[in-house]
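Chain residues, written in single-letter form:
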Amino acid sequence: IEGVFALYPAQAGAGPSPRLRAALDILEILALLGLDDEALVAGLFCVPMLEGKLSLETIRGAEGETCARLLAGVQRMDALHVGPDEGAGRGSLASRERQGEKLRRMLVSLIDDPRVALVKLAERVQALRSLGTRDTGPVAVKLAREAMDIYAPLAHRLGVGQIKWEIEDLAFRHIHPAEYRRIAALLDERRTDRERFIGEASARLGAALAAAGIEAHVSGRVKHLYSIWRKMQRKGLEISEVYDVRALRVMVAGPTECYSALGTVHGLWRNLPGEFDDYIANPKPNGYRSLHTAVMGEGGKVLEVQIRTADMHREAEFGICAHWHYKGVD
């Protein structure tokens with residue numbers, strides 16, 4: 001850390017330099033993911049290495065071969081970028097998707113240690129955060145499009161929902177700023193009513209689960225603007241028709257309790273046909289497991305309910321970080 005402070009000295013009266021804050025932000029993201037010391041150090045030196053302020057040889061001598069190898073992988077990933085048409089958002093959607101899939105395959109082929117991808121993902125999240133809330137210039141849009149086309153799907157493949165959702169929301173803000181602000185405003189207008197509805201539904205479901213002898217924790221679920229917008233676009237819906245704007249998450253002890261809790265939910269509210277997914281019996285390709293159902297709540301308002309165990313939740317949020325063992329990785 002002292003080495004990074006030396007590379008980016010604090011500005012007199014202004015605190016840490018922006019690039020030093022960037023390095024520390026990347027470190028914090030990786031720490032929250034629970035990565036090991038070698039990955040944390042690699043994250044700390046990622047920005048100065050990519051900016052050419054530190055060579056891989058210097059890092060190898062100071063921090064060892066593993067840290068240098070991780071950063072070499074990050075450097076190779078950084079060398080890949082979206083083509084000009086796709087990056088600027090000019091090509092067709094199909095063209096962007098083909099280019100994105102091609103680059104995602106290239107990225108995966110370059111990664112011989114998942115920590116490489118996680119360090120790069122943390123660096124991209126920090127870069128998107130640093131754009132601010134109103135930057136919609138060509139550089140910002142290119143960075144956002146690249147993140148949406150390549151890095152959000154990569155985070156999805158690794159099962160790191162926490163990173164995927166943040167990348168999508170931050171990129172959405174710059175690619176479609178008017179739509180982002182519209183949906184954010186609509187959600188904010190109805191926040192009080194939505195929170196009251198969720199609070200009452202949560203209390204009612206919690207009481208029903210307790211009466212059924214099921215130990216559970218029920219809470220409101222945070223919604224992501226991009227997922228709401230994408231569902232509106234895909235299904236031609238207004239925001240009032242999007243089911244999971246109002247959502248609960250139920251955490252129980254084990255898979256058996258998940259299905260018992262599902263029975264309680266469906267006994268309490270009428271379930272909507274075609275709106276049930278069993279990702280426990282049939283996990284998603286990235287390992288995601290959970291039960292999803294949508295029901296008709298009080299006042300004719302649709303409520304989405306997710307049911308999972310603590311382990312399932314940890315894997316949904318942290319993906320490969322939840323079970324990857326770093327001991328023995330050369």
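Residues numbered from 1 in each chain as written. Predicted model: local features only at pLDDT ≥ 70, side-chain atom pairs only at ≥ 80, totals over all residues. Heavy atoms only, no water.

Thoughts on helix 5 (residues 65–78)
Let me state the cut-off plainly: Secondary structure elements are taken from DSSP: a helix is a run of H or I of four residues or more, a strand is a run of E of two residues or more, and numbering for both begins at the N terminus. A helix is expected to reach a length of 1.5 Å times the quantity of its residues less one. Residue exposure (1.4 Å probe, protein chains only): buried if accessible area is under 20% of the type maximum, exposed if over 50%, otherwise partly exposed.
Compared with an ideal rise of 1.5 Å per residue, which puts 14 residues at 20 Å, helix 5 spans 20 Å between its outermost C-alpha atoms and is within 8% of the ideal. Residues Thr-66, Cys-67, Ala-68, Leu-70, Leu-71, Ala-72, Gly-73, Val-74 and Met-77 constitute the buried set of helix 5.

Things to note about the environment of Leu-44
Its location among the elements puts Leu-44 in helix 3 (residues 37–50). Looking at Leu-44, the relative accessible area reads 4%, which means it is buried.

A look at the pattern of salt bridges
For the record, the criterion: Note on definitions: salt bridges are taken to be side-chain nitrogens of Lys or Arg within 4 Å of carboxyl oxygens of Asp or Glu.
One pass over the structure, following the stated rule, counts 18 salt bridges. Where Arg-196 meets Asp-193, a salt bridge forms, and the shortest distance between an N and an O atom there is 3.0 Å. With Arg-196 and Asp-193 both in helix 12 (residues 191–211) and three residues apart, the pair spans about one turn of that helix. Via salt bridges that share partners, Asp-36, Glu-38, Arg-69, Asp-113 and Arg-115 belong to a single interconnected network.

Points about the packing of helix 5 against helix 8 (residues 114–129)
Here is the rule: Helix axes are fitted only over the stretch in contact, all axes being lines through C-alpha atoms; the angle between N-to-C directions runs from 0 to 180 degrees. Any angle between 65 and 115 degrees counts as roughly perpendicular, while under 35 counts as roughly parallel, over 145 as roughly antiparallel, and the rest as oblique. By definition, any crossing whose near helix is turned counterclockwise from its far helix by less than a right angle is left-handed, and any crossing with a clockwise turn is right-handed. Two residues form a contact once any of their heavy atoms are found within 4.5 Å. Under the grouping applied here, Gly and all other residues not named as nonpolar or charged are polar, the nonpolar ones being Ala, Val, Leu, Ile, Met, Phe, Trp, Tyr, Cys and Pro and the charged ones Asp, Glu, Lys and Arg.
Closest axis-to-axis distance for the helix 5/helix 8 pair is 9 Å, and the angle between their directions is 60 degrees. Compared by their axis directions, helix 5 and helix 8 come out oblique. For helix 5 against helix 8, the interelement crossing comes out right-handed. Contacts from Thr-66, Arg-69, Leu-70, Gly-73, Val-74, Met-77 and Asp-78 of helix 5 reach helix 8 at Arg-115, Val-116, Ala-117, Val-119 and Lys-120. Split into classes, the residues belonging to the contact of helix 5 with helix 8 amount to six nonpolar, two polar and four charged.

Observations concerning the packing of aromatic side chains
Convention followed: Aromatic rings from Phe, Tyr and Trp, with only the six-membered ring used for Trp, were paired whenever their centres fell within 6.5 Å, and each pair was classed as stacked if the ring planes differed by under 30 degrees, edge-to-face if by over 60, and tilted otherwise. In this scheme, Lys NZ or Arg CZ marks a charge over a ring once it lies within 6 Å of the ring centre and within 35 degrees of the ring normal.
Enumeration over the complete set of coordinates arrives at five aromatic pairs. Counting every residue linked through ring pairs, the aromatic cluster contains Phe-172, Tyr-180, Tyr-226 and Trp-229. Looking at Lys-284, its charged tip hangs above the ring of Tyr-279, at a distance of 4.8 Å from the centre.

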